[in-house]
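# Architecture at a glance
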2 protein chains.
Amino acid sequence: MTHPLKLKQITLIGVGLIGGSFVLDLKRLGLVEKVVGVDLDADNLARALERRVIDAAFEQVCSESIHGADLVLIATPVATLPAICRTLAPLLAPHTLVSDVGSTKQSALAAFAEYLPQHLPHCIAAHPIAGSDRHGALAAQFGLYQHKKLIVCPHERQDSDGLKTLEALWQAVGAQTYRMSAAEHDAVFAAVSHMPHMIAYAYVHQIADHPDGQTYLDFAASGFRDFTRIASSHPAIWTDICLANKTSLLDLLAGQQQQLAYLQALLQSGDADALYHYFEEAQHTRDDWQARQ
Amino acid sequence: MTHPLKLKQITLIGVGLIGGSFVLDLKRLGLVEKVVGVDLDADNLARALERRVIDAAFEQVCSESIHGADLVLIATPVATLPAICRTLAPLLAPHTLVSDVGSTKQSALAAFAEYLPQHLPHCIAAHPIAGSDRHGALAAQFGLYQHKKLIVCPHERQDSDGLKTLEALWQAVGAQTYRMSAAEHDAVFAAVSHMPHMIAYAYVHQIADHPDGQTYLDFAASGFRDFTRIASSHPAIWTDICLANKTSLLDLLAGQQQQLAYLQALLQSGDADALYHYFEEAQHTRDDWQARQ
């Protein structure tokens, strides 16, 4: 690297919306010369090549696909990170940065520490807060990260130059970067992202389980549509995330059951004032949040 | 009425999005000559007159506001229906239709039966499935009911001519009409509408109650936004609805707690296959629903 932000090569493992959109913008900005894509799905790789999301394609992590990379970006479901790190270990050049984009960061740091202990200073746990219902290489788009947040979770052995380079790359594609501990990250996203997904799946499951559920669904309207949109998320990705963040989620699931039990008690007693007050507090919290967006 | 669908006067009690949009379209279609608005909010009435949603305004239900009405449409929060019916009782002409737009229909039929027993054949419990985050007379809009559903819940003493007239009016503004019992209606909408509201309020309340909740909210993104949109709904309206439909909702709240307890057990045991299967079933249900819209 002559200029710290001018990379010769990024190897992107998992060529989908998240990683694909990142490298599209970096290529447009002239911040990377070559992107090597690694993906299990040959069709997806072919589409990524056609759309010039990537410049070379491999179906596995191997010396050829990793050789020459200034940055190896792992953008696959979080449960795959340990095996990928284990495969990467003998292939990395000393200067190569390794980073990820997963939704759970304690699990990412654990994978880096276990399988890339020699390389740990150059391993950066990161999480861009952006998404879409679309996925795969065809979903990759310019400008996805404009005004989005990027969290990095530095660890005790972190090399600060590599961290700054990665932050600068994400800033270059439009993201605001934040630093927090992996534990803090996982608590935050358990609350504002992982729990809504679990609840949305649980609610839709409850309707599906009901003998009259299909009839009920005929009358679902826009409130249902928006409330359940995230129940259309990819089940494999969310299985991984929920298991990787189970400690935070178990606490939150218990807390949510307490909230529902309190609502049951209010309905049982017919306490309109308390129910109004409860709804109003939630409304104010939601309205205040919306006003800050 | 010379033509069954040509009304001389509608008196609209509660001049907001739901009733206002209905009469705007009926006026445009020439299906009503005069709309009299009744609302507690003088400013709202003034705006409704300016925008010609209504042609005359009263701040209370009285002989002047009801006199001459072919249809009295009650479009106020569901808990206000009993008191309004009691006031209406001595004011109604024998032919006047009375209908409502509330989200709970057993409570509506109970109010009609208790306070308008003589007039019951001409009382029609109805529920248009349309809404918006906006409310008040300024939210009234043409075309709100195009391709929307309108449920009527006929009762044993229902006069069929009046029922058909009301259905025809809703069809004229674009709604598809459905008939079901009030009990069936309330079970359906508890499941697909009232429960999501309760859960959304409960989830936002859980975040608001958390000591770090405000920090968490700084990182909430589009999934959170859509999942919690209905937690910005009006707390008074939803207090009324939830209390009016408490029997169905108590069952559903218990069922939802069971779903969450099952998810807790899956996380505790780390059963990835079962968690994937659970999420996938919900995803299929949601995707199938979306495909039918």
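Residue positions are given per chain, counting from 1 as you read along its sequence in written order. Working convention: letters from A go to chains and numbers from 1 go to ligands, in the order in which they are written. In view of the model being predicted, local features appear only for residues whose pLDDT reaches at least 70, and side-chain atom pairs are presented and counted only at 80 or more, with totals across whole chains, interfaces and linings using the full set of residues. Water and hydrogen atoms play no part in the side-chain values, which are based on all heavy atoms of the structure.

Quick look at the interface of chain A and chain B now. Across the contact, 84 residues belong to chain A and 84 residues belong to chain B. By buried area we mean the combined loss of accessible area, with a 1.4 Å probe, across both parts when two parts are placed together. Counting the surface lost from both chain A and chain B, the interface buries some 8,100 Å², and carbon and sulfur atoms represent 68% of this. A per-residue breakdown of the area chain A buries against chain B is headed by A:Phe219, A:Leu267 and A:Arg286, which together make up 10% of the total. We count a salt bridge whenever a side-chain nitrogen from Lys or Arg sits within 4 Å of a carboxyl oxygen from Asp or Glu. On the surface where chain A and chain B come into contact, there are two salt bridges. The partner of A:Asp226 in a salt bridge is B:Arg229, and the shortest N-O contact between them spans 2.6 Å. Side-chain atoms alone can form a polar contact between residues adjacent in sequence; in general such a contact is a pair of N or O atoms within 3.5 Å, and within protein one must be able to donate a hydrogen while the other accepts it. Here chain A is connected to chain B by 32 residue pairs in polar contact (both at pLDDT 80 or more). Only runs of H or I of at least four residues qualify as helices and only runs of E of at least two qualify as strands under DSSP, and these elements are numbered from the N terminus. When residues of the side of chain A that touches chain B are traced back to their parent elements, those giving at least two are strand 8 (149-152), helix 7 (182-209), helix 8 (213-217), helix 9 (222-228), helix 10 (235-244), helix 11 (246-269) and helix 12 (272-292) of chain A. Classification used: nonpolar for Ala, Val, Leu, Ile, Met, Phe, Trp, Tyr, Cys and Pro, charged for Asp, Glu, Lys and Arg, polar for all others including Gly. Classifying every residue of the side of chain A that touches chain B gives 51 nonpolar, 21 polar and 12 charged. Residues are treated as being in contact if the distance between any of their heavy atoms lies within 4.5 Å.

For the rest of this paragraph, the subject is the pattern of salt bridges. Under the definition given, this model contains 12 salt bridges over all chains. One salt bridge in this structure joins A:Glu167 and A:Arg179, with 2.7 Å as the shortest N-O distance. Within this pair, whereas A:Glu167 is found in helix 6 (residues 160-172), its partner A:Arg179 is found in strand 9 (residues 176-179), the two being separated by 12 residues in sequence. Assessed through its relative accessible area of 8%, A:Glu167 is described here as buried. Salt bridges sharing common partners tie together A:Arg225, A:Asp226 and B:Arg229. Relative accessible area decides the class of each residue, using a 1.4 Å probe on protein chains only: under 20% of the type maximum gives buried, over 50% gives exposed, and in between gives partly exposed.

What follows deals with the relation of the copies chain A and chain B. Between chain A and chain B, which share one sequence, the superposing operator has a rotation angle of 180° and an axial displacement of 0.0 Å; the RMSD is 0.0 Å. Both copies of the chain, as the preceding transformation shows, are related through a two-fold rotation axis. Nearest to the rotation axis, the C-alpha of A:Phe227 is located 2.1 Å from it, this being the minimum over chain A. When the interface residues of chain A are mapped onto chain B, 100% of them again lie at the interface, so the same face is used by both copies. Each copy is superposed on the other by least squares, with the fit set by C-alpha atoms of residues at a pLDDT of at least 70 in both.

A separate point is the domain arrangement of chain A. All names here are of chain A. In terms of domain boundaries, chain A breaks down into domain 1 (7-180) and domain 2 (184-292). Each domain span listed reflects an automatic or database assignment of domains. Between the C-alpha centres of domain 1 and domain 2 there is a distance of 31 Å. At the junction of the two partners, domain 1 supplies 14 residues and domain 2 supplies 12 residues. Between domain 1 and domain 2 lies a buried interface of about 1,100 Å² when both sides are counted; carbon and sulfur atoms form 68% of it. Seen at the junction of domain 1 and domain 2, the total is zero salt bridges. The interface formed by domain 1 and domain 2 holds five residue pairs in polar contact (both at pLDDT 80 or more) in total. Taken together, the elements giving at least two residues each to the side of domain 1 that touches domain 2 come down to helix 5 (106-115) and strand 7 (126-129). Grouping the constituent residues of the side of domain 1 that touches domain 2 by class yields seven nonpolar, five polar and two charged.

Turning our eyes to something else, we now look at the sheet that holds strand 7 (residues 126-129) of chain B. Note: strands within a sheet are paired through backbone hydrogen bonds, in either parallel or antiparallel orientation. All names here are of chain B. Spatially, 7-8-9 is the arrangement adopted by the three strands of the open sheet, whose pairing is mixed. With one partner strand each, in any of the chains shown, strand 7 and strand 9 (176-179) form the two edges of the open sheet. Adjacent strand axes in the sheet meet at a mean angle of 20°, parallel and antiparallel pairs treated alike. A pair of strands is treated as paired once DSSP finds two or more bridges between them. Note that strand 7 and strand 8 (residues 149-152) share four bridges and pair antiparallel. Fitted lines through C-alpha atoms give the axes, limited to the stretch in contact for helices. The angle between two N-to-C directions lies from 0 to 180 degrees.

The next thing to look at is helix 7 of chain A. Helix geometry: helix 7 of chain A is bent most strongly at A:Ala190, by close to 50°. Where burial is concerned, most of helix 7 of chain A is hidden: 23 out of the 28 residues are buried. A residue's bend is given by the angle between axes fitted to the 7 residues ending at it and the 7 residues starting at it.

Here we take up the packing of aromatic side chains. In summary, the pairing rule links any two rings of Phe, Tyr or Trp, Trp by its six-membered ring, whose centres are within 6.5 Å, and it sorts them by plane angle into stacked for under 30 degrees, edge-to-face for over 60 and tilted for everything else. According to the stated counting rule, one finds 21 aromatic pairs over all chains in the structure shown. Consider the rings of A:Tyr278 and A:Phe279, whose centres lie 6.3 Å apart with planes at 65°: the pair is edge-to-face. In terms of burial, A:Tyr278 and A:Phe279 fall into one category: buried. By the ring-pair criterion, three or more aromatic residues cluster together here, those being A:Tyr203, A:Phe224, A:Phe227, A:Trp289, B:Tyr203, B:Phe224, B:Phe227 and B:Trp289.

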